[in-house]
Amino acid sequence: MKVLVLGAGNVGRAVAWDLRDGFDVHVGDVSGERLRAVSEFATPMKVDASNFDSLVEAMGKFELVIGALPGGLGYRAVRAAIRAGVDMVDVSFMPENPLTLRDEAEKAEVTVIFDAGFAPGLSHILMGRIWGEMDGLHEGYIHVGGLPKEPRPPLYYRITWSPKDLIEEYTRPARVIRNGEVTAVDPLGEIRRVSIGNFEFEAFVSDGLRSLLESVKAGRLEEWTLRWPGHLEKMRVLRELGFFGSEHVDKTLEVITPLMTYDSPDFSIMEVKGKGTLDGEEREIGYLLYDEERDGFTSMARVTGFTAAAIARIVAEGRCIYGVIPPEIFGMRIDTYGEIIQGLSDRGIRIERWENAPSGDSRGRA
């Protein structure tokens, strides 16, 4: 199958590398330098994703597209795929709601999987599996982070993505489910200390539930993003002083971005857990993921790109209905869930499942 990976950044490169066996992989980008970095295992091609008509023309030459573009280009790329009549798997984390394109995709007989990366993406798949296992889900929590192994003061964070998107996480209201209703909360209104494995983090509520707000019914559902201690209080002070306001944010980023730009291996960690009833008894089911940078790929590129590649293989086999589909569906289906988790395990990404009985005894560890 002839596939196009849109975007030759860290994630796009990981997707292309993973699909190199079994697919005729092409990678599209405007940057010659980034394209040269993928030329050993994919065919590079110049593509300007900001030009809708040329994007439609380029996509029309392929049977499947994997979008690894910045969020601001994601919605346009999905519209272009539908216009071109080609299936698409997207990890862009677009600000728009892709479900608004559902009818167009169905009419065009196109399958679009959105938010098909790490979080959202794998986080949704794991929550979908928990929801599918339970008779009723009372509470669900996602704790997730991509962090430097060697954090440096004063901000203890390393930027691996858009600095403006990072700031938006601290300013945009986060949507959660509380008391069975969707509500928006201040992301920095509460900063918690969280222990996961042997690590101690601080965490804030983030706006990453997205499609889970509609597809999973629970009394309480929240996503919390992890940071090293010492980062979030500084971000809250800067926000309260007005440094993240639209008139000041560019100058603020000029000052703080260099403080978060340095070399350090990264790691990814995620805990997804849910409490509910199973066979008439209270149960808690959870998953724990840990991954480190290796084989020339950052951990964030691995967990995002390899998840997208696993989903792309399922779509390539024609096993999805037409329309715009959220990633949690792959967790609710036991067959696709097993294939994705096994694929990640084969690539060294460890995911451990645990289940607690009412007494607190752990069962089903795998």
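Source: prediction; values computed, not measured. (Residues numbered from 1 in each chain as written. Predicted model: local features only at pLDDT ≥ 70, side-chain atom pairs only at ≥ 80, totals over all residues. Heavy atoms only, no water.)

### Looking at the overall build of the protein chain
The number of helices and strands found in the protein chain is 13 helices and 17 strands. Taken over the C-alpha trace, the protein chain has a radius of gyration of 20 Å; the compact-globule value for 366 residues is 21 Å, and the two agree within 12%. Along the three orthogonal principal directions, the C-alpha set of the protein chain runs to about 55 × 55 × 40 Å. Out of the 366 residues belonging to the protein chain, those deemed buried represent 54%. Taking all contacts inside the protein chain whose residues are at least 6 apart in sequence as the whole, residues at least 24 apart take part in 68%. A total of about 15,600 Å² of accessible surface is found on the protein chain, and carbon and sulfur atoms cover 48% of it. In the protein chain, 43 side chains carry a positive charge and 58 a negative one; their mean positions are 2 Å apart. (Helix = DSSP H or I, 4+ residues; strand = E, 2+ residues; numbered from the N terminus. Rg over C-alpha atoms; globule rule 2.2 N^0.38 Å. Buried < 20%, exposed > 50% of the residue type's maximum accessible area, 1.4 Å probe, protein only. Contact = heavy atoms within 4.5 Å. Areas by Shrake-Rupley, 256 points an atom, 1.4 Å probe, with all protein chains shown as cover. Lys, Arg positive; Asp, Glu negative; His and termini not counted. Charge placed at Lys NZ, Arg CZ, Asp CG, Glu CD.)

### Looking at the pairing of strand β16 (residues 350-356)
Extensive coverage of β16 is indicated by the burial of 6 of its 7 residues. Sheet analysis places strand β14 (residues 281-292) next to β16, joined by 7 bridges and oriented antiparallel. Paired with Leu289 across the strands is Ile351, a residue of β16. (Pairing = 2+ DSSP bridges.)

### Focus: the environment of Met235
Here Met235 shows up in helix α9 (residues 232-240). Judged by relative accessible area, which is 0%, Met235 ranks as buried. Placed 68 residues apart in sequence, Met235 and Ile167 show a C-alpha to C-alpha distance of 8.6 Å. Apart from the residues lying within four places of it in its own chain, the contact partners of Met235 are Leu155, Tyr170, Leu188 and Phe244.

### Structural notes on the nonpolar core
Soluble globular proteins tend to bury their nonpolar side chains together. Counting 63 residues, the largest nonpolar core has Val25, Val27, Ile66, Leu122, Met270 and Ile311 as the members making the most contacts within it. Summarising the domain contributions, this core has at least three residues from each of domain 1 (2-114) and domain 2 (122-300 + 346-355). Those residues in contact with Ile311 that sit more than four places away from it in its chain are Val89, Ile113, Ala116, Ile125, Phe330 and Ile340. One finds Leu147, Leu155, Val194 and Val249 within the second-largest nonpolar core, a separate group that totals 30 residues. (Core = buried A, V, L, I, M, F, W, Y, C linked by side-chain atoms within 4.5 Å. Domains from an automatic or database assignment.)

### Topic: a nonpolar patch on the surface
On the surface, Val237, Leu241 and Phe243 cluster together to form a nonpolar patch covering roughly 280 Å² of accessible area. Positionally, Leu241 belongs in the loop between α9 and α10 (249-256). Take Leu241: its relative accessible area is 59%, and that puts it in the exposed class. (Patch = residues over 30% accessible without salt bridge, like charges linked within 9 Å, V, L, I, M, F, W, Y side chains within 5 Å. Salt bridge = Lys/Arg side-chain N within 4 Å of Asp/Glu carboxyl O.)

### Notes on the packing of aromatic side chains
Following the criterion strictly, the structure yields 12 aromatic pairs and no others. A centroid spacing of 5.5 Å and a plane angle of 25 degrees characterise the contact between Phe199 and Phe201, whose relative ring orientation is stacked. Judged by relative accessible area, which is 25%, Phe199 ranks as partly exposed. Between Phe267 and Tyr290, the aromatic rings sit 5.7 Å apart at their centres with planes inclined by 35 degrees, giving tilted as the arrangement. With Phe267 in strand β13 (residues 266-278) and Tyr290 in strand β14, this pair connects stretches of sequence that are 23 residues apart. (Phe/Tyr/Trp six-rings, centres within 6.5 Å; stacked < 30°, edge-to-face > 60°.)

### Structural notes on the packing of helix α1 (residues 10-18) against helix α11 (residues 299-316)
Running from amino to carboxyl end, α1 crosses α11 at an angle of 45 degrees, the nearest separation of the two axes being 8 Å. In terms of their interaxial angle, α1 and α11 are classed as oblique. You can see that α1 and α11 cross each other, and the crossing is right-handed. Residues Asn10, Val11, Ala14, Val15, Trp17 and Asp18 of α1 pack against Ala301, Thr304, Gly305, Phe306, Ala308, Ala309 and Arg313 of α11. Taken together, the residues that form the contact of α1 with α11 break down as 8 nonpolar, 3 polar and 2 charged. (Axes fitted to C-alpha atoms, helices over the stretch in contact; angles between N-to-C directions. Parallel < 35°, antiparallel > 145°, perpendicular 65-115°, else oblique. Left-handed = near helix turned anticlockwise from the far one by under 90°. Nonpolar A, V, L, I, M, F, W, Y, C, P; charged D, E, K, R; others polar.)

### Digging into the pattern of salt bridges
One pass over the structure, following the stated rule, counts 27 salt bridges. Among the ionic pairs, Arg227 bridges to Glu169, the shortest N-O distance being 3.3 Å. Here Arg227 is found in strand β12 (residues 220-227), whereas its partner Glu169 is found in helix α7 (residues 163-171), with 58 residues between them in sequence. Assessed through its relative accessible area of 3%, Arg227 is described here as buried.

### Here's the deal with the domain arrangement of the protein chain
What the domain assignment lists for the protein chain is domain 1 (2-114) and domain 2 (122-300 + 346-355). Between domain 1 and domain 2, the C-alpha centre-to-centre distance is 26 Å. The interface is formed by 10 residues belonging to domain 1 together with 9 residues belonging to domain 2. In this assembly, domain 1 packs against domain 2 so that about 870 Å² is buried in total across both faces, 53% of it on carbon and sulfur atoms. Its largest share of buried area at the contact with domain 2, domain 1 owes to Arg13, Asp18 and Phe93, together 44% of the area lost on that side. The interface formed by domain 1 and domain 2 includes 1 salt bridge. Asp18 is the partner of Arg347 in a salt bridge, and the nearest nitrogen-oxygen pair spans 2.4 Å. (Buried area = accessible area lost by both parts, 1.4 Å probe.)

### Comments concerning the sheet that holds strand β3 (residues 43-46)
What the 7 strands build is an open sheet, ordered β3-β2-β1-β4-β5-β6-β15; its pairing is parallel. The open sheet is flanked by β3 and β15 (323-325), the only strands paired with a single partner. Geometrically, the sheet is characterised by an average inter-axis angle of 20 degrees between neighbouring strands, direction not taken into account. Examined bridge by bridge, strand β5 (residues 87-90) and strand β6 (residues 111-113) share 2 bridges and lie parallel to one another. Of the residues in β6, the one forming a bridge with Val89 is Ile113. Of the strands in this sheet, β1 (2-6), β5 and β6 touch helix α4 (residues 71-84), which is tilted by about 165 degrees from β5.

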